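# Close look at the chain arrangement
So you can see what is in the structure, the chains are spelled out below.
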Amino acid sequence: MDYSQRRKPYILGKILVAFILIVFCIITLKQSPTHRSSSTSAFSRHEPGVTHVLVTGGAGYIGSHATLRLLKDSYRVTIVDNLSRGNMGAVKVLQKQFPEPGRLQFIYADLGDAQAVKQIFAENAFDAVMHFAAVAYVGESTLEPLRYYHNITANTLIVLEAMAANNVKTLIYSSTCATYGEPEKMPITEKTPQHPINPYGKAKKMAEDIILDFSKKSDMAVMILRYFNVIGSDPEGRLGEAPRPELREHGRISGACFDAASGIISGLKVKGKDYPTTDGTCVRDYIDVTDLVDAHVKALAKAEPKKVGIYNVGTGKGRSVNEFVKACKKATGVDIKVEYLDRRPGDYAEVYSDPSKINRELNWTAQYTDLEKSLRIAWQWQKNHRNGYGQSLLTAS
Ligand SMILES: NC(=O)c1ccc[n+]([C@@H]2O[C@H](COP(=O)([O-])OP(=O)(O)OC[C@H]3O[C@@H](n4cnc5c(N)ncnc54)[C@H](O)[C@@H]3O)[C@@H](O)[C@H]2O)c1
């Protein structure tokens, strides 16, 4: 018998098995939750009636709260974050709340990587950008100024270039009262001259200037929001503030109060009690994160092509550090030990906003102005999340 005739059915059988295997693999891949083609397609095309917002820094404290609010209000959201400071745990909470395809996608990327940013913008159809991503500690900025100029100023330029190249129409920019420096007159209005005194404030002011110069020759709708001191967390307890432990030394007063209440640190060190204020301690304007994200949604709704809106986002009311500590003691039920030290160089006595412009033009007013209540909500989350969001699977340098 001819040998080649005997081999034929054997080879045909092998080809058939290989074909079945390939078909099986394709079907399995398509059904796999990690295969993104079906869910990402919604993100890559504009859809009438749906506003797709890119939230940079959406794994962070304010960005995650903003994402939650946007999703609740039926926006489509893409988070881009390098997880250098944020938490994958926060993203997972959001994904669990909004699992439907086309609602939320997370992209792990560094905004300093211009190529990656270009690709993200080319592959996704964004209608607006809320640019939260930044390193954001005044003290750290004095120790690592170049990092701050790079991360804040240079990265904003990269985002803006990508927006311009892809005709993304609206930008809501996270700025800060640190851009004002040490104003002579209180309260701070949007017309108060900006003379920032640390690299953080300077980097944000430079980013603002880049945006303002660009907007003169562009159709883009721009809103610049200058936040005062942000506190609080989601009243329904889904999200909270969970900075990395190594950032504690640069941390903010609410974090320090909670750390003292939970015994992570022995007590609070209040720097300066001889300021010319009612009780000698510094006065600041504390804005609840729920109010802050509401200001973003209102800014997005009112943003107009070729126009720039600049707004202070604060309560308009200054509270002293002593008042804050008293509220924190009540909210946590812990008699936090307080030690008074000398003034810290560079701290100014009083900072509070005049929010009348945002009240008037965006119809926004702070609602969560009960300090103790805001702190009680945030403390509840802290108590339920002793380990923050837990260990993130993805980490970045
Ligand atoms: N928290 C405040 O009191 C306050 C006050 C004024 C202004 N702001 C501004 O609000 C914004 C958000 O602050 P936050 O308190 O939520 O900080 P955060 O550190 O909690 O969040 C910042 C997020 O940006 C991400 N990020 C940083 N660099 C990145 C990069 N190169 N690429 C991609 N992602 C990057 C981090 O991983 C993090 O998730 C910042 O722009 C900050 O300057 C905050």
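Counting restarts for each chain, with residues numbered from 1 along the sequence as it is written. Local features in a predicted model are, by the rule used here, given only for residues with pLDDT of at least 70; side-chain atom pairs are given and counted only at 80 or more, and totals for whole chains, interfaces and linings are based on all residues.

- Naming follows an unreviewed UniProt entry, where the chain appears as UDP-glucose 4-epimerase of Dioscorea cayennensis subsp. rotundata.
- Entered under Cofactor (unreviewed entry) in the UniProt record, the comment concerning the chain runs "NAD(+)". UniProt positions are given in the numbering used here, feature names are shortened, and annotations may be inferred rather than shown by experiment.

## Describing the nonpolar core
- Of all hydrophobic cores here, the largest spans 102 residues; its most connected members are V129, I172, L225, L292 and V313.
- Note on conventions: DSSP H or I runs of at least 4 residues are helices, E runs of at least 2 residues are strands, and numbering of each starts at the N terminus. Tallying contributions element by element places helix α10 (residues 289-302) first for this core, with 7 residues.
- Not counting the four nearest positions on each side in its chain, I172 is found in contact with A128, M130, M223, L225, H296, A299 and L300. By definition, a nonpolar core groups buried Ala, Val, Leu, Ile, Met, Phe, Trp, Tyr and Cys residues that are joined through C-beta atoms within 7 Å. Here the C-beta atoms are placed from the backbone, and a residue counts as buried if at least 20 other C-beta atoms lie within 10 Å of its own, exposed if 12 or fewer do, and partly exposed otherwise. The contact rule is simple: place each C-beta atom from the backbone, and if two of them lie within 7 Å, those residues are in contact.

## Remarks on helix α4 (residues 88-97)
- Residues of α4 that are buried: M88, G89, A90, V91 and L94.
- Turning to α4, the residues buried within the fold contact α3 (61-72), β2 (76-81) and β3 (104-108).

## As for the site of the ligand
- Using a C-beta atom placed from the backbone, a residue is scored as near a molecule or strand whenever that atom is within 6 Å of it. Within the structure, the ligand sits among 27 residues, and G57, G60, G86, A134 and V230 are positioned closest to it.
- Contributions of two or more residues to the shell around the ligand are made by α3, α7 (145-165), β5 (170-176) and β7 (229-231).
- In terms of residue count, the dominant contributor to the shell around the ligand is α3 (3 residues).
- Residues are grouped as follows: Ala, Val, Leu, Ile, Met, Phe, Trp, Tyr, Cys and Pro are nonpolar; Asp, Glu, Lys and Arg are charged; all remaining types, including Gly, are polar. Looking at the shell around the ligand residue by residue, the class counts come to 12 nonpolar, 12 polar and 3 charged.

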